[in-house]
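One letter stands for each residue in the lines below.
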Amino acid sequence: MLKTVSSIGVPVEKRIIVALDFSLAKVALNLIDSLDPKLCRLKVGKELYTACGPQLLRQIQDRGFEVFLDLKFHDIPNTVAKAVNVAGNMGVWMLNVHASGGRAMMEAAREALLEFGSQRPKLIAVTVLTSLAQIDLKQVGIDCSPEKQVSKLAFLTRDAGLDGVVCSAAETHLLRAQLPEEFCLVTPGIRRASDAIGDQKRVVGPAEAIRSGSNYLVVGRPITEADSPLDALLEFNSVLASVS
Ligand code: C5P
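Calculation notes
Residues numbered from 1 in each chain as written. Predicted model: local features only at pLDDT ≥ 70, side-chain atom pairs only at ≥ 80, totals over all residues. Heavy atoms only, no water. Helix = DSSP H or I, 4+ residues; strand = E, 2+ residues; numbered from the N terminus. Rg over C-alpha atoms; globule rule 2.2 N^0.38 Å. Buried < 20%, exposed > 50% of the residue type's maximum accessible area, 1.4 Å probe, protein only. Contact = heavy atoms within 4.5 Å. Pairing = 2+ DSSP bridges. Axes fitted to C-alpha atoms, helices over the stretch in contact; angles between N-to-C directions. Expected span 1.5 Å × (residues − 1). Right-handed = clockwise from strand over helix to strand, strands pointing away. Polar contact = N/O pair within 3.5 Å; in protein donor to acceptor, adjacent residues only side chain to side chain. Near = heavy atom within 4 Å. Areas by Shrake-Rupley, 256 points an atom, 1.4 Å probe, with all protein chains shown as cover. Nonpolar A, V, L, I, M, F, W, Y, C, P; charged D, E, K, R; others polar. Core = buried A, V, L, I, M, F, W, Y, C linked by side-chain atoms within 4.5 Å.

Visitor: What is the right way to look at the overall build of the chain in this model?
Guide: From N to C terminus, the chain includes 10 helices and eight strands. Taking 18 Å as the expected radius of gyration for a compact globule of 244 residues, we find that the chain reaches 17 Å, a close match to that expectation. For the chain, the spread of C-alpha atoms along the three principal axes comes to 45 × 35 × 35 Å. Burial status across the chain gives 52% buried among its 244 residues. Contacts in the chain between residues at least 24 apart in sequence constitute 68% of all its contacts with a sequence separation of at least 6.

Next comes the structure, spelled out in structure tokens:
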């Protein structure tokens, strides 16, 4: 039987965030019309937002879905704060910035959401993009391992008062051991044993991700490209219910 609340208080059926990696509004809407806002949240990233903007965001919200606006803001504090405030006004559930934008930028982003009180969106940060290996970091002047840099930026994010970080499955365990339970970890790269890996390099199963400390799982193609996206979502949720 599906439990409704996990041990950390997040409804089990809402720990999946389905990534809408599309450029056409009608494709995105077709997909979400086959899903249920009681069972998942949705992620709108740069592709869909650049193509369809706030209008589509409103259409998605009008259907009852909560949205993670994944635009990874990174700019001077004033500019990021203003963009974050606009996102707050659009009523998104979660949004993100790059932790490498610095503590002042993250604090400005957090302060820009204070006016929304208890309704404010969750604000999380990207630490090190999983596409960057040690050599890539060296090329931009960062002389430590990706793991060390992830850890450093996750602590900076916590110190700036943000709600959590996006982290790869490979990092979740380490971060969860160092950071409090209420600091949320949002993990992409999730695959069931039967799913195609696609372009992801390191993937983990949904149960393993939750066991290692993830709060929310970002899942794209295993749901969006399934014959029945709803059935795939239900399957993910029942796995989560069994481990939560
Ligand atoms: O289709 P798939 O499940 O691989 O989609 C994963 C989603 O998570 C995509 O929107 C991708 O951009 C995002 N993501 C990721 N790896 C990261 C950060 C975000 O796959 N490190």
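Moving on from the model shown.
Visitor: How do you make sense of the sheet that holds strand S5 (residues 122-126) when you look at a structure like this?
Guide: Sheet strands associate in pairs through backbone hydrogen bonding, adopting either a parallel or an antiparallel arrangement. Taken in spatial order, the eight strands of this closed barrel run S1-S2-S3-S4-S5-S6-S7-S8, and their pairing is parallel. When strand polarity is set aside, the average angle formed by the axes of neighbouring strands in this sheet is 25°. When strand S7 (residues 184-187) meets strand S8 (residues 216-219), the two strands line up parallel, connected through two bridges. What sits directly across from Val186, in S8, is Tyr216. Set on the sheet, helix H2 (residues 46-62) makes contact with strand S2 (41-45) and strand S3 (67-73); between it and S2 the angle comes to about 145°.

Visitor: What exactly am I supposed to notice about helix H6 (residues 146-159) here?
Guide: In an α-helix, one turn spans 3.6 residues; hence positions three or four apart end up facing the same way. Under the 1.5 Å per step criterion, the end-to-end length of H6 is 20 Å for 14 residues, consistent within 8% with the ideal 20 Å. Where H6 is buried, its residues touch helix H4 (103-111), S5, helix H5 (134-139), strand S6 (164-166) and helix H7 (169-178). Immediately beyond the C-terminal end of H6, within one or two residues, lies Gly161, with a positive phi of roughly 85°.

Visitor: How do you make sense of the pairing of strand S1 (residues 16-19) when you look at a structure like this?
Guide: As a general feature of sheets, a regular strand has side chains that alternate between the two faces. Burial of the side chains of S1 extends over both faces: Ile16 and Val18 are buried on one face and Ile17 and Ala19 on the other. As judged from the three bridges shared by S1 and S8, these two strands associate in the parallel manner. In the sheet register, Ile17 faces S8, and the bridge partner there is Val218. Direction of pairing for S1 relative to S2: parallel, over a ladder of three bridges. Within S2, the position partnered with Val18 by the bridge is Leu42. Note on the crossover from S1 through helix H1 (residues 25-32) to S2: the handedness is right-handed.

Visitor: Even after reading the chapter, I still don't get the side chain of Arg176, so can you show me in this structure?
Guide: Its place among the elements puts Arg176 in helix H7. There is a polar contact of 2.8 Å between the side chain of Arg176 and the side chain of Asn215. In this structure, Arg176 is in contact with Glu181, Phe183, Cys184, Leu185, Ser212, Gly213 and Asn215, ignoring residues within four places of it in sequence.

Visitor: I tried to follow the site of the ligand on my own but got confused; where do I start?
Guide: Residues in contact with the ligand, as listed here, are Ala19, Asp21, Lys43, Thr130, Pro188, Arg191, Gln200, Val218, Val219, Gly220, Arg221 and Pro222. Gly220 is positioned such that a nitrogen or oxygen atom in its backbone is 2.8 Å from an oxygen atom of the ligand. Calculation on the ligand without its partners gives an accessible area of 470 Å², and the protein chains cover 80% of this total. For the shell around the ligand, the secondary structure elements donating two or more residues are S8 and helix H9 (221-224). Looking at the shell around the ligand, its residues break down into five nonpolar, three polar and four charged.

Visitor: Looking at this model, I keep getting lost on the nonpolar core. Mind explaining?
Guide: Taken as a class, soluble globular proteins show a tendency for nonpolar side chains to be buried jointly. Judged by nonpolar contacts, the single largest core of 67 residues is most densely connected at Ile60 and Val97. Grouped together as the second largest cluster of nonpolar side chains are 12 residues, Ile17, Phe68, Trp93 and Val126 included.

Visitor: Honestly, the pairing of S8 in this entry has me stumped. Any pointers?
Guide: Across the two faces of S8 the burial is the same, with Tyr216 and Val218 and Leu217 and Val219 all buried. In terms of handedness, the path from S7 via helix H8 (residues 206-211) over to S8 forms a crossover that is right-handed.

Visitor: Looking at this structure, how should I read unusual backbone geometry?
Guide: Note on backbone geometry: most residues besides glycine have negative phi, and most peptide bonds are trans. The residue Lys72 is not glycine, and still its phi comes out positive at about 45°. Within the secondary structure layout, Lys72 lies in strand S3. Take Lys72: its relative accessible area is 23%, and that puts it in the partly exposed class.

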